[in-house]
Amino acid sequence: MTIGEITGEEHYHKMKEKGTTSASAAHMGNSYPSRRRFSFLSDIFKLASGAGAAQIIRAILSPIITRLFLPQALGIAQNFSAIAKTMAVLSALRYEDSIQIPRKKSDAYHQLLLCILLTTFTSGAALFLVLFFRRHIASMLNAPELETLLWGVPIFMAARGYFLALQQWNAREEKYGHISSATIANSIIWNGGTAGLGLAGWTGSASMITSQIAGQAAAFSILASRFFRKNLLNGLRDFQWKKIQAGILKYKKFPLFNIWSKLLDNAALYIPTLLFSAFFSPAVAGQYSLGFNILQLPFAMLGQSIGQVLYQRASGAQHEGKITAVIEKPLSFFIRLGIYPALVFTVIAPELVTLLFGNTWGEAGIYAQILSPWMLFIFLSLALERIPAIVGKNENILIFHALNTAMRVGVLVVGGQKGSALLVVRLLGIGGSIIYLGNILSVILISGIPITRFIQSFIKEVLFCAPFLLTVYAIKNWIPIPIFYSDIFLVAAAFLIGCLYYGIAIMKEPSAKEFLSSKVQRRG
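Residues numbered from 1 in each chain as written. Predicted model: local features only at pLDDT ≥ 70, side-chain atom pairs only at ≥ 80, totals over all residues. Heavy atoms only, no water.

### Re the overall build of the chain
Threshold: Labels follow the DSSP assignment, with helices taken as runs of H or I lasting at least four residues and strands as runs of E lasting at least two, numbered in each case from the N terminus. Residue exposure (1.4 Å probe, protein chains only): buried if accessible area is under 20% of the type maximum, exposed if over 50%, otherwise partly exposed. Pairs of residues are marked as contacts when any of their non-hydrogen atoms sit within 4.5 Å. Working definition of accessibility: Shrake-Rupley area with a 1.4 Å probe, residue cover restricted to the visible protein chains.
Helices and strands together make up the secondary structure of the chain, namely 21 helices and zero strands. Per-residue burial over the chain gives 55% buried out of 524 residues. For the chain, the proportion of contacts with a sequence separation of at least 24, taken over those separated by at least 6, is 84%. Carbon together with sulfur atoms contributes 67% to the accessible area of the chain, which is approximately 21,900 Å² in total.

The structure is reproduced here in structure tokens:
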């Protein structure tokens, strides 16, 4: 069985024998949609293409944004994001992660309704927190401009909470195209709005924050309009309060463990920005934020796209005792996807960042160069991170995020006291790689996959990638190029070598090759 067939034809026939294919699952009482050949790759392709389009939009507009807005403004906007996205974790108490697990569609629908009710309540409660604590928060972060802007937190919290719940519903229904459309709309409005407001002369952090809220609201609206059109009436006919209550109890591990796991995950993601601002300045926080995000966002979006599809497949396979095969088959291919960009940035990051964003952001390029190997482990961890919840090991997720957050806080306190931002970044790169690798190995163990098999696959992919990386390194250090053209030449060479790498990588994976051939033939 190849990657493209994971829970594909084999799972379809098993579902057909049980009478639960799409033909018999038209009403709320039945289970998952039917599976198609190559559906695993096809669904990843849909999600990743949306994420990729969003990243292209961001990449096109970022050079404009970074020339219009100062690091100070970016640092304050990142502080807002850190607070708002962390608060959004509380919106539905992580019950949205349970939407894909129930066998029956009606049970999943009631979990979605529970999430909508909880999000409405918690975002209202956040309004009172902002009312009483906004001044203290702004003062603590050394960013007085943030005080007024914090009024946007409850609005963002509601929009994101509704979006996350509907995103899980669409993933369960295999409506990955809808999720991609929402992701693209978010990027267009967020980044386009920021650039437009900047060009109009509004170059403060308020412009960036307003655009971010508008983008999230647009993404929610796209999913909500389609959901209400197709599912609302049927679901309301089947509505029962006792199912809401049963879902609260059955999936109680999600608020007990997953909510703390996600809070710690967000804390680990945003604490560096907050503490860079507190220990150094919002400008240094802005440099770190750009350097980290230029790496982390593409890897995170692809990893989350894969993880979303894998979670949906693994949830169905768990009912049949097939979860090990579903996870093991694509592991080597996942490593192959992430290893080249993660390592090539160790060579080209300073040149790429200054080329795209200008010399003002040179420090961000150095940070990106140091952090790039860590991104491979973030990518793999995101692809696998929800698997423990399927097998009832939610506490493993909590332990990982607790260790990850503790590591980042410790590193930042040590580096902050020594007054060295560069030391902080180096320690983050080393500590983060160790923590995330440990999480990957933990998930592999509870999935029933031998650790030695993962290590063999990893070494094999490193050796496959090495000649391509050495070529980029040789071009940078040994080929004489006029200084004026050197950055452009190096980045272009790394891109072309990457295209060659992925071309060969696809040829080495039969199902990926066949999947792309089917796409070409269909368009032809």
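### Some points on the pattern of salt bridges
Between side chains of opposite charge, a pair can form when the charged atoms approach closely. As a reminder of what qualifies: By convention in these notes, a salt bridge is any Lys or Arg side-chain nitrogen within 4 Å of a carboxyl oxygen on Asp or Glu.
The tally for this structure, following the rule as stated, stands at nine salt bridges. For Lys 253, the salt bridge is made with Glu 395, and the minimal N-O distance between the two is 3.7 Å. On the criterion of sequence distance, the pair formed by Lys 253 in helix α11 (residues 253-279) and Glu 395 in helix α17 (residues 394-418) is long-range, its members being 142 residues apart. When its relative accessible area of 26% is taken as the criterion, Glu 395 is described as partly exposed.

### Let's talk about the environment of Ser 372
Condition: In protein, a polar contact means a hydrogen-donor-capable atom and an acceptor-capable atom, both N or O and within 3.5 Å, with residues adjacent in sequence counting only if both atoms are side-chain atoms; elsewhere, any N or O pair within 3.5 Å suffices.
Position of Ser 372 relative to the elements: it lies in helix α15 (residues 362-384). Residue classification places Ser 372 among the buried positions, given a relative accessible area of 0%. Along the primary structure Ser 372 and Phe 345 are separated by 27 residues, whereas in three dimensions their C-alpha atoms are 5.9 Å apart. At a separation of 3.3 Å, a polar atom in the side chain of Ser 372 contacts the main-chain amide nitrogen of Thr 346.

### Re a nonpolar patch on the surface
Operational definition: Patches in this entry comprise residues that are over 30% relatively accessible and not in a salt bridge; like charges within 9 Å are linked, as are nonpolar side chains (Val, Leu, Ile, Met, Phe, Trp, Tyr) within 5 Å.
A contiguous nonpolar patch, built from Leu 127, Phe 128, Leu 129, Leu 131, Phe 132, Phe 133 and Trp 151 and spanning about 720 Å² of accessible area, is present on the exposed surface. Tracing the chain through its elements places Leu 129 in helix α4 (residues 105-140). Residue class for Leu 129 comes out partly exposed when judged on its relative accessible area of 42%.

### Quick word on the packing of aromatic side chains
The following threshold applies: In this analysis, rings of Phe, Tyr and Trp, with Trp reduced to its six-membered ring, are considered paired at centre separations within 6.5 Å, and the interplanar angle assigns stacked below 30 degrees, edge-to-face beyond 60, and tilted for intermediate values. Here, a charge over a ring means that NZ of Lys or CZ of Arg falls within 6 Å of the ring centre while also lying within 35 degrees of the ring normal.
In the structure shown here, the tally under the stated rule is 23 aromatic pairs. Summarising the aromatic geometry, the rings of Phe 276 and Phe 280 are spaced 5.7 Å apart at their centres and angled 35 degrees between planes, so their arrangement reads as tilted. The class of Phe 276 is buried, set by a relative accessible area of 0%. What makes Phe 280 partly exposed here is its relative accessible area of 23%. Here Arg 58 stacks its cationic end above the ring of Trp 190, 5.8 Å away from the centre of that ring.

### With respect to the nonpolar core
Going by this rule: In this text, buried Ala, Val, Leu, Ile, Met, Phe, Trp, Tyr and Cys residues form a nonpolar core when linked through side-chain atoms within 4.5 Å.
By size, the foremost hydrophobic cluster in this structure holds 134 residues, and its most contacted members are Leu 146, Phe 276, Tyr 340, Leu 371 and Val 472. With residues up to four places along the chain from it excluded, the contact list for Val 472 reads Tyr 340, Val 344, Val 347, Ile 348, Leu 490, Ala 494 and Ile 497. Leu 47, Ala 171, Ile 179 and Val 309 belong to the second largest nonpolar core, which has five residues in total.

### Focus on the packing of helix α14 (residues 331-357) against α15
Between two packed helices, what matters for the description is the angle formed by their axes and the separation of those axes. Rule in force here: Axes here mean lines fitted to C-alpha atoms, for a helix over just the part in contact, with angles spanning 0 to 180 degrees between N-to-C directions. Orientation categories follow fixed angle ranges, with anything under 35 degrees roughly parallel, anything over 145 roughly antiparallel, 65 to 115 roughly perpendicular, and all other angles oblique. Three residue categories are used. Nonpolar comprises Ala, Val, Leu, Ile, Met, Phe, Trp, Tyr, Cys and Pro, charged comprises Asp, Glu, Lys and Arg, and polar comprises the others, including Gly.
Direction vectors running N to C along α14 and α15 enclose 170 degrees, while the axes themselves pass 7 Å from each other. The orientation of α14 with respect to α15, classified from their angle, is roughly antiparallel. Looking at the contact of α14 with α15, its residues break down into 20 nonpolar, seven polar and no charged.

### Some thoughts on the confidence of the model for the chain
To keep things clear, this is the line we draw: The quantity known as pLDDT measures the predictor's confidence residue by residue, on a range of 0 to 100.
Across the chain, the average pLDDT comes to 82, with 86% of residues at or above 70. The element-level mean pLDDT for the chain is lowest in helix α1 (residues 9-17), coming to 39, with helix α6 (residues 153-172) highest at 94. Contacts from residues 1-27, a stretch scored under 50 in pLDDT, to residues over four places away or in other chains number 58 contacts.

### Details of the side chain of Ser 332
Along the chain, Ser 332 turns up in helix α14. Judged by its relative accessible area of 18%, Ser 332 falls in the buried class. Excluding residues that lie within four positions of it along the chain, Ser 332 makes contacts with Ser 457 and Glu 461.

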